Amino acid sequence: QVRLVESGGGLAQPGGSLRLSCAASGSIFSIDAMGWYRLAPGKQRELVATFTSGGRTNYADSVKGRFTISRDNAKNTVYLQMNSLKPEDTAVYYCNANIIRLGVRYPDDYWGQGTQVTVSS
């Protein structure tokens, strides 16, 4: 059993900041990749920022220079620091991870429950 639990969403004003956290727990052997996606009303889910299996970072063009993804491997936790927020950043943000569980050879894909981020004055 593996769980991803997100926290840190909420309401921010344009130009403000929020920090999201996602902690993975359970029978984890290793985490191949981990990051954030978002889903806004009327839009398709999009990648926001991720760590790849090789440890590189990927960012959506729309958030480059404003959002920063970081991680604490000892805590199986990934963070998303969101600065200079814009109304168009409003969405439900989901944590995603490819995790190899103890006793399993291949990774499975896991999603968190989502956390709402609203940017509005």
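Refer to the structure presented above.
Residues numbered from 1 in each chain as written. Predicted model: local features only at pLDDT ≥ 70, side-chain atom pairs only at ≥ 80, totals over all residues. Heavy atoms only, no water.

Caption draft 1: Quick look at the overall build of the chain. For the chain, the count of helices and strands is zero helices and eleven strands. Over its C-alpha trace the chain gives a radius of gyration of 14 Å, about what one expects of a compact globule, namely 14 Å for 121 residues. For the C-alpha atoms alone, the extent of the chain along its principal axes is close to 50 × 25 × 25 Å. Here the chain holds 121 residues, and the buried ones make up 39% of them. Long-range contacts, defined here as pairs at least 24 residues apart, represent 55% of the contacts in the chain between residues at least 6 apart. (Helix = DSSP H or I, 4+ residues; strand = E, 2+ residues; numbered from the N terminus. Rg over C-alpha atoms; globule rule 2.2 N^0.38 Å. Buried < 20%, exposed > 50% of the residue type's maximum accessible area, 1.4 Å probe, protein only. Contact = heavy atoms within 4.5 Å.)

Caption draft 2: Highlighting unusual backbone geometry. The residue Asn 76 is not glycine, and still its phi comes out positive at about 50 degrees. Within the secondary structure layout, Asn 76 lies in the loop between β7 (67-72) and β8 (77-82). According to the relative accessible area criterion, Asn 76 is partly exposed, its value standing at 25%. Within the chain, Ser 84 stands out as a residue other than glycine whose phi angle is a positive 50 degrees. Overall, the relative accessible area of 40% leaves Ser 84 in the partly exposed class.

Caption draft 3: Geometry of the packing of aromatic side chains. One pass over the structure, following the stated rule, counts one aromatic pair. Residues Tyr 37 and Trp 111 carry aromatic rings whose centres are separated by 5.2 Å and whose planes lie at 65 degrees to one another, so their mutual orientation is edge-to-face. Highlighted residues: Tyr 37 in strand β4 (residues 28-39) and Trp 111 in strand β10 (residues 108-111), separated in sequence by 74 residues. The side chain of Arg 19 reaches across the aromatic face of Tyr 79, ending 4.1 Å from its centre. A cation over an aromatic ring shows up here: Arg 45 above the ring of Tyr 37, its NZ or CZ 5.8 Å from the ring centre. (Phe/Tyr/Trp six-rings, centres within 6.5 Å; stacked < 30°, edge-to-face > 60°. Lys NZ or Arg CZ within 6 Å of the ring centre and 35° of its normal.)

Caption draft 4: View of the nonpolar core. Core analysis: the largest hydrophobic core is formed by 30 residues, its most contacted members being Leu 4, Trp 36, Leu 80, Met 82 and Tyr 93. Where this core is concerned, the elements lending two or more residues are β1 (2-7), β3 (18-26), β4, β5 (46-51), β7, β8, β9 (91-101) and β11 (115-119). Broken down by element, this core gets its largest block of residues, five residues, from β9. The contact partners of Leu 4, leaving out residues within four places of it in the chain, are Cys 22, Ala 23, Ala 24, Met 34, Cys 95, Asn 96, Ala 97, Ile 99, Tyr 110, Trp 111, Gly 112 and Gln 113. (Core = buried A, V, L, I, M, F, W, Y, C linked by side-chain atoms within 4.5 Å.)

Caption draft 5: Representation of the state of the cysteines. Per the counting criterion, the structure on display carries one disulfide. A sulfur-sulfur distance of 2.0 Å marks the disulfide that ties Cys 22 to Cys 95. Taking the torsion about the sulfur-sulfur bond, which here is approximately -85 degrees, the covalent link between Cys 22 and Cys 95 counts as left-handed. Taken as a pair, Cys 22 in strand β3 and Cys 95 in strand β9 lie far apart in primary sequence, 73 residues in all. The pair Cys 22 / Cys 95 is uniform in exposure class, with both members buried. (Disulfide = S-S within 2.5 Å.)

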